[in-house]
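Examination of the molecular architecture
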Amino acid sequence: MLPYLPPELVEIVIAETQRHPDGLLPTKPPFRRNKAHLASYSLVCRLWRPIAQALLFHEVIMTLERRSPGEFLAFMRQCSPHIARAVRFLVFTATSLPIWIGRDGKPLRGEIEVCPAVLMEILRTLPGVAHVKFQGFAILGWPQDVPLPAQRLYLKRLALKALRYKPLSEPHLLPFDILSFFSAETLEVHENAVLQPADREAGPTPSAVLALAGSQGRIVREIMAAGPDCFLTDGIERGALLNVEHIRSLVLSPYDAPSLRFAGLLLQHYGRHATDVELNVRQSAWHRNVLPPAPAFLEACSMASCERIQRLRLFWMVASGRPGYSEEDLLVRLSDAYGAVLSSTPTTTLRELEFTFWEGAIGPLKDFAKVATHVAHRIVQAVGRFPDLKRVVLVIEEPLTVDRCTTIINDLLPGEIVERRLVIFELEDRDRW
C-alpha cells in the first residue's frame, strides 16, 4: 500500500513534472503538457486520478481533420462530470498544420464545414471552460429547426481566427450573430470572412439575422483585431454593436490597407470608452505595398473618438528595405504615421505613452540608434500635445541595455524634457504576451 500523501502535495509533485526544460511552469496556453505522463499518473491510485485528469484535460485541442465535433460531443457526454469540469481551454482547429489563406480569402486546401449548433452544444457540456478558440474551418449558418442557446456563455477569452462564414450554403440554414452568444472579457478576431456559394441562385437574401436578444449581456472588455473581420463588421453595419460602455481596451495590428481601414472602423465605434489602446503597425507584413503617407493613414485610422484614452502603446517594427524604399524610408513612413496618430488623439486624458521596439519578424531590436531620432521626434510631439502626460515608456529587450539607450535618447531630447524625467526604459516582460 502506498503511503498517504495530502492531495495538495500530490498536485505540487505532478505539476513539477510538467515544467519546461528551462525550468519554467507553463502558465498560459498552449501548455504543452506531457499528456503521456499525466495519463500514467491517473492510473497510479484513486487519489492521483482526479488530480492528473484535471491537468490532462485542462487544455483540449480538437483537430477536426482527425475527429468531428459530433464525435467529440459524444465522447464528452460519456466522460465523468469531473472531466468536463476540468476543461478550461478549448481549441477547435481544422488541422494541426498552419492555415494558409490565398489572395482570394479562401484556404489553399479543402475546408472542413462545422455546424455552429454542435459547437454551442459542446460548450454547454463544459461548465468550466473559460478560453475558446475557433480556427481555420468553415462555420455554417444556424439550422432552422434548432433553437438558439437559452443564454449567453461567459468566457474570459474568445478567439475567432481564419473562419470562413457560410450562412446560406444550404436552404435550411440562416445567418446568425455568433457574437451574441457570448460575453467575453477578451474578444480576438483575425481574418474571418463571409462567403456565399457561387452556385446559389440569385434571390432575396434573408434580412433577419438570428441573435440572442438584448445588447446589455454582450459584455466585451477588450477587442484584439489583426485583420478585417466579418462578424464585427456585420454587427456595426446592422447597428448590433457590442456593449460599448464596457470596452476598455483595443489592441489593433493592421498589416495592409483593408486591415488599416478596419482598425479605424473599430476605433470609431468602440474607442469612445476605451482607456487603453495599442496600435501595432506591422510594417514588415505589408506585402503588397508600403505604409501609406501620413494623411492617408490618418484618414483611415483616426484616434479622434478615443475621448477617455489614458494609455497609448505604439509598436515600432523596423522593416527591411523594399524595392524603391530603403529601411530609413520605411522608418520615416512609420514615424509619420504615428505622428498622425498622436495628432488625432484627444489631448485631455492621456497619461502614459509607450513605445515597444522589434526588428522585423526576426526578434528584438538590436540597434536602438537607428530608430532613436524618429522616436525623439514623437516624444517631443507628445510632450507638447498632452499636458497631463506622466510617463513615456520605451520597452526594449536584450541585447539592448537601459543605460546605453537612455544616453542615446537624452542626447536627442530637449533639456527641459530630460529634466522632467518623463522618459523611462523598461526591459520587456515576456509574461505579458
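Refer to the structure above for everything that follows.
Quantities reported herein were computed from a predicted structural model and do not represent experimental measurements.

Bringing the packing of helix H4 (residues 69-78) against helix H6 (residues 116-124) into the picture now. Taken N-terminus to C-terminus, the directions of H4 and H6 make an angle of 20°; their axes are 10 Å apart at the nearest point. As far as their axial angle goes, H6 and H4 are roughly parallel. Between H4 and H6 lies a crossing whose hand is left-handed. In contact with Pro69, Gly70, Phe72, Leu73 and Arg77 of H4, H6 contributes Val118, Glu121 and Ile122. The residue makeup of the contact of H4 with H6, split by class, is five nonpolar, one polar and two charged.

With that settled, consider the packing of aromatic side chains. Across all of its chains, the model carries 13 aromatic pairs by this definition. When the centroid spacing of 5.6 Å and the interplanar angle of 65° are considered together, the rings of tryptophan 316 and tyrosine 338 count as edge-to-face. Residue tryptophan 316 is located in strand S15 (residues 311-318), and its partner tyrosine 338 is located in helix H10 (residues 327-344); the two are separated by 22 residues in the primary sequence. Accessibility classification places tryptophan 316 together with tyrosine 338 in one group, the buried group. Among the aromatic residues, ring-to-ring pairing joins Trp316, Tyr338, Phe355, Phe357, Phe368 and Phe425 into one connected group.

With that settled, consider the packing of helix H11 (residues 369-385) against helix H12 (residues 402-412). Working note: a packed helix pair is described by the angle between its axes plus the distance between those axes. As a packed pair, H11 and H12 sit with axes 9 Å apart at the nearest point and diverge in direction by 50°. Classified by the interaxial angle, the pair formed by H11 and H12 is oblique. Viewed along their axes, H11 and H12 form a crossing whose handedness is right-handed. On the side of H11, the interface is formed by Ala369, Ala372, Thr373, Val375, Ala376 and Ile379, while H12 contributes Ile408, Ile409 and Leu412. Among the residues making up the contact of H11 with H12, the classes are represented as eight nonpolar, one polar and no charged.

Throughout the structure, instances matching the rule amount to 16 salt bridges. With a closest N to O distance of 2.8 Å, glutamate 354 and arginine 313 form a salt bridge. Within this pair, whereas glutamate 354 is found in strand S16 (residues 352-359), its partner arginine 313 is found in strand S15, the two being separated by 41 residues in sequence. By the burial criterion, glutamate 354 is buried, and arginine 313 matches it. Residue glutamate 426 is joined to arginine 391 by a salt bridge in which the shortest nitrogen-to-oxygen separation is 3.7 Å. With a gap of 35 residues between them, glutamate 426 in strand S18 (residues 423-427) and arginine 391 in strand S17 (residues 391-396) connect regions that are remote in the sequence. The class for glutamate 426 is partly exposed, based on a relative accessible area of 29%.

Conventions adopted
- Residues numbered from 1 in each chain as written.
- Predicted model: local features only at pLDDT ≥ 70, side-chain atom pairs only at ≥ 80, totals over all residues.
- Heavy atoms only, no water.
- Axes fitted to C-alpha atoms, helices over the stretch in contact; angles between N-to-C directions.
- Helix = DSSP H or I, 4+ residues; strand = E, 2+ residues; numbered from the N terminus.
- Parallel < 35°, antiparallel > 145°, perpendicular 65-115°, else oblique.
- Left-handed = near helix turned anticlockwise from the far one by under 90°.
- Contact = heavy atoms within 4.5 Å.
- Nonpolar A, V, L, I, M, F, W, Y, C, P; charged D, E, K, R; others polar.
- Phe/Tyr/Trp six-rings, centres within 6.5 Å; stacked < 30°, edge-to-face > 60°.
- Buried < 20%, exposed > 50% of the residue type's maximum accessible area, 1.4 Å probe, protein only.
- Salt bridge = Lys/Arg side-chain N within 4 Å of Asp/Glu carboxyl O.

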